[in-house]
Each structure stands twice: as structure tokens, then as C-alpha cells.
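Residues per chain are reported as follows:
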2 protein chains.
Amino acid sequence: MKKRLTLKLIAKELDVSVSTVSKALRDSAEISEDTRQKIKAFAKLYNYKPNIIALSLKNRKTKTIGVIIPEIVHHFFTTVISGIEQAANEKGYHVIICTSNNSFDKEVINMEILANGSIDGFILSVAKETQQKKDYHHLTEVIEQGMPLVMFDRVIDEINCDKIIIDDFLGAKKAIQHLIDKKCKKIGLITTIDYVSVGKLRTQGYREALKENNIPADEDLILKVEDFDKSEMEIQSFLKDKKMDAVFAVNEHFAIYAIKAFQEQGLKVPDDVQVIGFTDGELSKRFIPSLTTVNQHGEEMGAQAARLLIKKLENEDAEDEPFETIIIETGLVERNSTKR
Amino acid sequence: MKKRLTLKLIAKELDVSVSTVSKALRDSAEISEDTRQKIKAFAKLYNYKPNIIALSLKNRKTKTIGVIIPEIVHHFFTTVISGIEQAANEKGYHVIICTSNNSFDKEVINMEILANGSIDGFILSVAKETQQKKDYHHLTEVIEQGMPLVMFDRVIDEINCDKIIIDDFLGAKKAIQHLIDKKCKKIGLITTIDYVSVGKLRTQGYREALKENNIPADEDLILKVEDFDKSEMEIQSFLKDKKMDAVFAVNEHFAIYAIKAFQEQGLKVPDDVQVIGFTDGELSKRFIPSLTTVNQHGEEMGAQAARLLIKKLENEDAEDEPFETIIIETGLVERNSTKR
């Protein structure tokens, strides 16, 4: 029985990283000559066939789109997929999904699996770890080989490709302005660490809104959650004795944890403290008090991503055309966690 | 530049059927010598590597599992995928996902796309439409071709394959018994129409618990929701003037809608009426009052499905072994929507 060799198996066998194998096979100068030769010899010995995208792309259409998302148990990403499916199906395309689980290695491997003749192009939102490592060779590789790539939500500025983003900066700014309009003066921010691009942009929007209203940013009122699994506790202890009159959280979970923490302190939302979240999920709608949020329009984002990719796939002259970045406007959905 | 061909492309190019190409490449006597030679020459010329399952299965391992789920914007299914990923990754397998969006046609097409050389085996929960149509030819086909299939949650009794189910019947029975133990006498049921297998089983569990406690089932207290999109309104009007002391709902959305409807009538949960849901999602945990639910253990279900499939894939004598059905036991998670 023949075993099909994958990047991962080569990496494991030679005790190097997946990224090293991938780069060595492309003769990257980042990898020492010695290592490159060793890896190439091994690949040759076992008859390893690198991605055949370069070979297949011009001649073969699978009419299938590959989607890679960082998380699957995540309402926003599932709504994006739902939008991709609808728009793709309308044009006669199918969709295959992989999840990186926020791991760089898994993202690289997923791309390898899908690019291996199964799909015509990618729609992708990068893993947290990829943003942290700043290693984008797998993305540049598929682009160089001529396979269209559309990034959404968590995009990489340095990568030249089509992109669909929401206006994270403006969305956050709008939310803060809304709170300022309601006479809030001490507005807290619960965000993620900076390498997550969307968290960073939302933080910038928060700062900008304060600045425009001549409210000095108080670093004591900003929490950058390190560990999502412990976020509920982090938020609870952060909110103790802070005397805020409002909080803006960069996702709905953080917002709900904040409301719970306030309630445990005997504070009423929205009477004593107002809260705005980001992402309009089921939780925001159904929670009591229902949550005022910045709406990301996930389905719309997915549909636009699919349409943009298919346009590239079906346009013979696509290579000569400039890349597009479509910005989906956010909306503020007012509910009961802010005053009317 | 070499072309990578598929059966379909060869068929199109030579103006014959896919089945003719497939048979010719296997030297089937059903195809004339002349046609066989023509097809084989063409395949050779373009370096065609057959990758249809019948030819490839014994010789090639992709180390990839194909998962088809009926819905993606659905917490339970995403937790199952999460469990599949974890267990598969532990064994060095990758996972690709397609969603049928509850459409029979999409399910058939997804299976075709994935079975075409991309994966070693399937994990699947069938579309509502498939259950309604009772057309299972796509499932029997892959099984006959020797590709292992594990069904989970929404399974088909008539199909012989490995299955992972939860004890929907017992789970529902447990929930009703819990309400009866708390002195409830008029217990309503909010369920789905019968062709959804899990809804049917949960309804049976409801009836059985009542019967064992000598409480006659009152058909006026049973709502079979027809249209998920209009379920909130259906539930609202169903619960008007019904004077129940408890409600059991077969999913968490129905349960939350029920609580809201009661609250609008001025009834307090759990003081005036107690509510139990099914599926332990974020909503159940975070809603106020938090929801007592029957826990489906989605991750556990996914992990078991992956392990069962991989066992089949890696066992040379798998074909001779009987199929297994693993039943995951449900648990009742007590929260604030029932009395303590």
C-alpha cells in the first residue's frame, strides 16, 4: 500500500517544520543549502508531488471554491460561509471548507490539501498564529502559482490579493461616539492582543473617537484579553472598582461577560453602565438585556467574497487587473444594553 | 504544460458518458475494444491518473476525512466538527467539510466532489430533504464502492454502516421525568415535524415518560413546528391560553422562544412555568434565566465518529467486520429554567 507523502509527513520524518519543508521545495534562500538538498532528496526518493496547481490551473476547472476559516465554533464565520455558499451556488460553484483552528501549520496543510487539484481558488481568513508569526509564504505561493485568493475579515496588509473587510476602525468609532452622545465619559475597552488585526483596528477606532471628543484615553480602562479561555475571569477582575459608565467590547462574548460582571457588582445595564458589543450573533439578540452591537454583516461579506473570486476565475484577463478591497460598512444595532 | 484530467473531462472531450470512461479504463468487456483503446490512449496522452474511488481506494491514502453536515450556522454541528478535527488530527488525519444546507441535491453533489479522490472516508449527518425523500442511492453507492461511511445524529435506519447517535428517546424521557418529579402535570412539547428522525425520537421519549407516569398525552399540548423561520410566531400563538406548568422543547431556540412568550404573558420562569431545552449551546448557558437542557455532547460525538472511521480505514479486514452503532448518553444540565 502506497502512502501518499505530504508536507507534514516529510517535516515529521526529517524533524523540521512544515514551513521549512515548504520553503526548501521551492528553493527559498531562507533555508540553508544543506537542508534544502536533504529535503529535496527525500521528496524525490519518495516521489513526492508538490501542489499541482501550477500544472492544472489553466486547463482544468473544478467549479469548487476552497474556504479556510480560523474557527468553526464561531457564529460570525459560519454566517460568512453561509453567504459564500449562497453566492457560489447561484453561479454554479461548490464550496469545500477547512478550518485551521488558528494554527499556522494547519493552515499551511489545509492549503496544500485543497490546492492539490480540488479547487479553483481560495477564500481565507488567516489563523491568529499566522498573524503572530508573520509567515505568509503559503499565501504568496498560491498567488504566484496563479491561483486566485480572496482574504476576508482577518486579512494581511502585505499580501497583494482581493480582500473583503469590514470597517473595523469606523465601526468601533461609531460605537464609542454613540456612547459619548449618551453622555458617557469613562468608557472602558475590552479588546484582544494587538497581533489580531481586527482587534487592533477596533482599538484604534476607540482611541480616535475619544480624541475627536477631547477625552483623554485612560490606559487603566483598556483590557487586552490574553487568553480567550480565561477571558470571563480576566474581564471580571478588570471591571472591579473601575467606576466606568460604559464599556465597548470587541466581540459579543466579552460584552456578555462584562454585563454579567457588572450585574454581580449590583450595577444595572443600561441604567448604571452601558455596554456595546461587536458581531451580531444569536447571543446578542436573545440575551437579557439584549445587546447593542456593531453588525459585521457576515453573510454579505461571504457573498461578496464569493462573487469577487468567481469574477477573477471567469475573467481571462484577470491577471492584468488590479486587486480590489471591498469594505463592508458596519451598522450599529441599538438594543437594550444602551439607553434609548 | 500537462493537463490534469478527470473522468468527466475525458467523457466530455470524447463525447461519451462518464460511466463509459470509467469502465473503459478498467477494461470492462461492456465497452467495445475500439472505444476502450481510444479512451485509454487519450488518458495516457494527457497523463491521466485515475482517482475514482473504485480504482484508488486500495492503493492510495489521502489521510483526509470528508464531513458533510446539513447546516453550518448551527452550534451543535460546529461542535461535532470540532470533535472530529481533534480526534482526526491526533491520528494524523485532516478534515474537509461540505454543507448540504438540508438539500438532497447538494448532499449528492458534495459526496461526488469529495469521493473523487480527495478523501478516504465520510462522516455525514443527512439533510432534512433526504430524510423526506427517502432517496439514499448516493449513500449506498459509496458503501458499495468500499468507501467507509459513518453517520451521526441524523442517521438512516435502512443504511448499513457505522453510526453515532445520541439517545434522543432516553434524553427526552429523562427531561420529562425531571419535570414530573417537580410536580408538573400539564407538560407541553414543542417539536419538529416527524420526518426529522431526532425530533420524532424525542417526541416518542416525551410520550413514553407520560405513559410510565400514567399521565394521558394531551395532543393540544403538542406543537410540531412546520417552518423554522416562522417558529417564533408559531410558538407564541401555540402557548397562548394553554395553561401549562412546563414545556419541553427539542432545541434551544424553541425553548428560548417559549420563555419569551411566557414572559410576554406575564408568567415567570421557573416559578409559574418550567422549561427544558435540547442541545447545550451558548444561548442556553448565557440566557437569563439560564436554560436547563439535555446535553448532546457534540464534541464527544464527533470524536467518536472520527475514531470509528479511522479504525475502519486502518483495519485491513474491516470489510468482514460488523457495523457498530455507538450511542452517546445524554445528560440533563440543570440550570435556572427549572426549579431546584
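Residues numbered from 1 in each chain as written. Chains lettered and ligands numbered in written order. Predicted model: local features only at pLDDT ≥ 70, side-chain atom pairs only at ≥ 80, totals over all residues. Heavy atoms only, no water.

1. Focus on the overall build of chain A
Applicable threshold: Numbering of helices and strands runs from the N terminus; a helix is a DSSP stretch of H or I covering at least four residues, while a strand is a stretch of E covering at least two. Working definition: with a 1.4 Å probe on protein chains only, accessible area under 20% of the residue-type maximum means buried, over 50% means exposed, and in between means partly exposed. By definition, residues are in contact when any of their heavy atoms lie within 4.5 Å. What sets the accessible areas is the Shrake-Rupley method with a 1.4 Å probe; for residues, cover comes only from the shown protein chains. Counting rule for charge: Lys and Arg are taken as positive, Asp and Glu as negative, and neither His nor the chain ends is counted. Here the site of a charge means NZ on Lys, CZ on Arg, CG on Asp, or CD on Glu.
The secondary structure content of chain A amounts to 14 helices and 13 strands. In terms of its C-alpha atoms, chain A occupies a principal-axis envelope of roughly 70 × 45 × 40 Å. With 340 residues in all, chain A has 59% of them scored as buried. Residue pairs at least 24 apart in sequence account for 72% of intrachain contacts in chain A once pairs closer than 6 positions are excluded. Accessible area for chain A stands at about 14800 Å²; split by element, carbon and sulfur atoms hold 47% of it. Each charge sign in chain A was given a centre, from 48 positive and 54 negative side chains, and these centres are 2 Å apart.

2. Let's talk about the domain arrangement of chain A
Interfaces are frequently sized by the accessible area removed from exposure as the parts join. Residues and elements named next belong to chain A. Put simply, the test is: Domain extents, as shown, originate in an automatic or database domain assignment. In this description, buried area is defined as the sum, over both parts, of the accessible area (probe of 1.4 Å) that is lost when the two are combined. Salt bridges are defined as contacts in which a side-chain nitrogen from Lys or Arg sits within 4 Å of a carboxyl oxygen from Asp or Glu. The term polar contact refers here to a pair of N or O atoms within 3.5 Å; inside protein, the definition further demands a hydrogen-donor-capable atom paired with an acceptor-capable atom, and it admits residues adjacent in sequence only when both atoms are side-chain atoms.
Split into domains, chain A comes out as domain 1 (7-50), domain 2 (57-165 + 298-328) and domain 3 (168-297). When each unit is reduced to the centre of its C-alpha atoms, the spacing between domain 1 and domain 2 is 26 Å. With 8 residues of domain 1 at the interface, the matching set in domain 2 holds 8 residues. Across the domain 1 to domain 2 interface the summed buried area is about 730 Å²; carbon plus sulfur atoms make up 57%. Here domain 1 is connected to domain 2 by 1 salt bridge. With a closest N to O distance of 3.5 Å, aspartate 135 and lysine 23 form a salt bridge. At the boundary of domain 1 with domain 2, the tally comes to 2 residue pairs in polar contact (both at pLDDT 80 or more). Secondary structure elements with two or more residues in the side of domain 1 that touches domain 2: helix 1 (7-14) and helix 2 (18-25).

3. Quick notes on unusual backbone geometry
Omega for the bond connecting isoleucine 288 of chain A with proline 289 of chain A falls within 30 degrees of zero, at 0°, which places this linkage in the cis form. Tracing the backbone shows proline 289 of chain A in the loop between helix 13 (282-286) and strand 11 (292-295). The omega torsion across valine 269 of chain B and proline 270 of chain B is 10°, close enough to zero to call that bond cis. Summarising the element assignment, proline 270 of chain B is placed in the loop between helix 12 (252-264) and strand 10 (274-278). At lysine 63 of chain A, a position not held by glycine, the phi torsion is positive, near 55°. Note that lysine 63 of chain A resides in the loop between helix 4 (53-56) and strand 2 (64-69). Here lysine 63 of chain A falls in the partly exposed class, since its relative accessible area comes to 33%.

4. Concerning the packing of aromatic side chains
Each aromatic ring pair is characterised by the separation of its centres together with the angle its planes make. What counts is decided by this rule: Between rings of Phe, Tyr and Trp, where Trp is taken as its six-membered ring, a pair exists when centres lie within 6.5 Å; planes separated by under 30 degrees are stacked, by over 60 edge-to-face, and by other angles tilted. Think of it as a cone above the ring: NZ of Lys or CZ of Arg counts as a charge over the ring if it is within 6 Å of the ring centre and within 35 degrees of the ring normal.
Under the criterion given, the structure shown has 8 aromatic pairs over all chains. With a centroid separation of 6.1 Å and 65° between ring planes, the pair formed by phenylalanine 77 of chain A and phenylalanine 152 of chain A is classed as edge-to-face. Residue phenylalanine 77 of chain A is located in helix 5 (residues 75-90), and its partner phenylalanine 152 of chain A is located in strand 5 (residues 149-152); the two are separated by 75 residues in the primary sequence. Both residues of the pair, phenylalanine 77 of chain A and phenylalanine 152 of chain A, count as buried. Ring geometry for phenylalanine 228 of chain A versus phenylalanine 254 of chain A: centroids 5.5 Å apart, planes at 35°, classification tilted. Highlighted residues: phenylalanine 228 of chain A in the loop between strand 8 (222-225) and helix 11 (231-238) and phenylalanine 254 of chain A in helix 12 (residues 252-264), separated in sequence by 26 residues. An aromatic cluster is built from Phe76, Phe77 and Phe152 of chain A, whose rings are joined through pairwise contacts. Of note, arginine 202 of chain B hangs over the ring of phenylalanine 278 of chain B, and the distance from its end group to the ring centre comes to 3.7 Å.

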